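Structure assessment
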Amino acid sequence: MTTRTAASRAAARHPAPSGRAWGICRSGASGASGTSGASGASGASGASGASAPAAPQRLVPKPAPSRASRRVQCHAARSRQLALFPLFPLFPLFPLFPLFPLLLLLALSPLLAACNADSPRHQEDAAAPGVTDDAIHLASSLALTGHASYLGVQTLRGALSYIHHVNDTGGVHGRRILLTAVDDGYDPPRCLANTQRFLIEGDVFALFSYVGTPTTMRVLPLVEEARIPLVGMFTGANGLREPFNRYVFNVRASYYQETKAAVRHLVRDLGLTRIAVFYQYDAYGFDGLTGTEIALRELGLAPVARGSYVRGTTKVEEGLRRILAADAQAVVMVGTYEPSARFIRLAEQAGLRAVFHCLSFTGAEELARLLGNAPVNPVTMSQVVPPPRAKETPDLLAAAADYVQLLRRYFPDETPNTIGLEGYVNARILVEGLRRAGRDLTRASFVQALESLRDYPLGGSTYVSFSPESRQGMNQVYFTRLHDGQFELIRDFREVHPLPAPAPVAGQAAPTGQDSTAGQDSVPGPSPESAPDSASAPNPGRTPTLSGAEQSPRTDATPALSPAFPAFPSASSPTPGSAEARS
């Protein structure tokens, strides 16, 4: 029988803590073996610090534990220490047991604070990235080169004309606005890569002045994940409005609003029912196509044909063949300026007589430059801001005069245009949000400041409003028509008349669309093989559209207008630009 001394029995009851066990549980730097010592660092062999007692020698050595097993041992050691913790030191604390809930709450407070540190609201309220004592850093990805460069350059210069003015007059609460603009060539992958660099490498407070639907839509997941505001995009995409995104602020009207207003003018004011859609085959074109289809369906109609082209090209021939075969009376065009101009030229050479209506993203001034005075058919365009120099504009958007003045000061070689004016308006709203957010600027305070805008005036009849439930500031839609090489406001849409189809000359065949003098821009006429994507058959024997009140369909033949789209101005009291009333 083995005799044990009192000291040995006491040691057995209360063993000394193992330095090796404590070292495993600590998070200090490890040596070559990856195992921590008692002091937080181990040597090359992974042994613990000198203060730990020597491990007893074993006849059969055990293999070294893996990293995963060491983590398990760590948690097990903690459990054993809690389970074997002697109870007698707690005896003097028994009188304090009624205060145990309060003590527990105090002990858990740091843990709860650490957990809440990762919450979205806490991150927004933290010190804002991109904000210093004297500057606010913004970033933009947009087309500065390539086939859509005119749109990106004009949007940027319109915005910078106001930002430069703000910086020259003291900034916002003593801070200058610094905007980093990077070219994406209107290419979604490049826009995505630019935005990733902004968020990872750059110190950016907010994203601003993105251009294009396919590019901007591509970065929405990053915006949502990073919880970074995205303000003032040159696109009317419905995907930026639905579903609701707290960090995305649209200033302009949507493509759905543009197409709905345009279709109702074409049908109600001009009496046209055979409407085709020519669109860019991407998110932008699909958005315009869907908006047109919805608007036609509300009037009991459908597109007679759909034709498309690939973004970045001017290969419009196949889409044109489909539309020619359908004998369309009007074509809603959802594209950019170069392919749209080529489509119109080829369509007229092929003998099509129709109203060509373009959306605001097309680029009015550049389309007018490419077409000149060549079109014989009406070419109309919807806009979300009026032409800056139109005589009616001061009554519609008085801030346009400030844009013209500032553009002349900072970019004297540029001509004022609707795209630049839209960029200028976006910058006005951005700066107003920064001012309302105050000197203690955070992303959360900026979002709340923009939400506080109610009927913010831009002069004339234009106001901008946001709310916690709304992320679209304006709803106005204006209409313009190409005349003498420039787009002018339409006072009354009933003045726009499509030309009747030319009658065949005696002894000659009817025109097939072939033109030997057209050169590269010639396109063969419709053939039976190029069947249109049509809801109804062609009607080659249609009569010219009547003018005046006789060409409008009966009032009881069309459904009532949606409350979101107020009635158009009547012929007796036309409103300049046929602007939609703001909601």
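Residues numbered from 1 in each chain as written. Predicted model: local features only at pLDDT ≥ 70, side-chain atom pairs only at ≥ 80, totals over all residues. Heavy atoms only, no water.

Quick look at the overall build of the protein chain now. For the protein chain, the helix and strand inventory stands at 18 helices and 14 strands. By residue count, 48% of the 583 residues in the protein chain fall in the buried class. Counting every atom, the protein chain has about 27900 Å² of accessible surface; 57% of that belongs to carbon and sulfur. (Helix = DSSP H or I, 4+ residues; strand = E, 2+ residues; numbered from the N terminus. Buried < 20%, exposed > 50% of the residue type's maximum accessible area, 1.4 Å probe, protein only. Areas by Shrake-Rupley, 256 points an atom, 1.4 Å probe, with all protein chains shown as cover.)

Quick look at the confidence of the model for the protein chain now. Residue-level pLDDT values for the protein chain average 76, and 64% of them are 70 or greater. Counting contacts from residues 114-125, a segment whose pLDDT is below 50, to residues more than four positions away or on other chains yields 16 contacts. The low-confidence segment residues 504-583, where pLDDT is below 50, has 146 contacts with residues more than four positions distant or belonging to other chains. (pLDDT = per-residue confidence, 0-100. Contact = heavy atoms within 4.5 Å.)

Where helix α17 (residues 418-437) meets helix α18 (residues 443-451), the axes come as close as 8 Å, and the angle between the chain directions of the two elements is 115°. Judged by the sense of rotation from one axis to the other, the crossing of α17 with α18 is right-handed. Touching I429, L430, G433, L434, R436 and A437 of α17 are S445, F446, A449 and L450, all from α18. Tallied by class, the residues present in the contact of α17 with α18 amount to seven nonpolar, two polar and one charged. (Axes fitted to C-alpha atoms, helices over the stretch in contact; angles between N-to-C directions. Left-handed = near helix turned anticlockwise from the far one by under 90°. Nonpolar A, V, L, I, M, F, W, Y, C, P; charged D, E, K, R; others polar.)

This next bit is on the packing of aromatic side chains. Under the criterion given, the structure shown has 15 aromatic pairs. An angle of 80° between the planes, with centres 5.4 Å apart, marks the rings of Y162 and Y424 as edge-to-face. Linking Y162 in helix α6 (residues 149-168) with Y424 in helix α17, this pair joins segments that are 262 residues apart in sequence. The class of Y424 is buried, set by a relative accessible area of 1%. Residues F249 and F466 carry aromatic rings whose centres are separated by 5.3 Å and whose planes lie at 90° to one another, so their mutual orientation is edge-to-face. Taken together, the positions of F249 in strand β5 (residues 248-249) and F466 in the loop between β12 (463-464) and β13 (478-483) put the pair 217 residues apart, joining distant regions of the chain. As far as burial versus exposure is concerned, F249 and F466 are alike and both buried. Three or more aromatic residues link up through ring pairs in this structure, and these residues are Y186, F234, Y255, Y284 and F361. For the cation-ring pair, R311 lies above Y186, with the distance from its terminal atom to the ring centre recorded as 6.0 Å. (Phe/Tyr/Trp six-rings, centres within 6.5 Å; stacked < 30°, edge-to-face > 60°. Lys NZ or Arg CZ within 6 Å of the ring centre and 35° of its normal.)

Let us look at the sheet that holds strand β2 (residues 176-183). Hydrogen bonds along the backbone pair up the strands of a sheet, which may run parallel or antiparallel. If you trace the five strands from one edge of the open sheet to the other, you get β2-β1-β3-β4-β5, paired in parallel fashion. In this open sheet, the two strands that pair with only one neighbour each are β2 and β5. Where strand β4 (residues 230-231) and β5 come together, two bridges link them in parallel fashion. The partner of L230 across the bridge, within β5, is V248. In the packing of α6 onto the sheet, contacts are made with β1 (135-142), β2 and β3 (206-208), and the angle to β2 comes to roughly 165°. (Pairing = 2+ DSSP bridges.)

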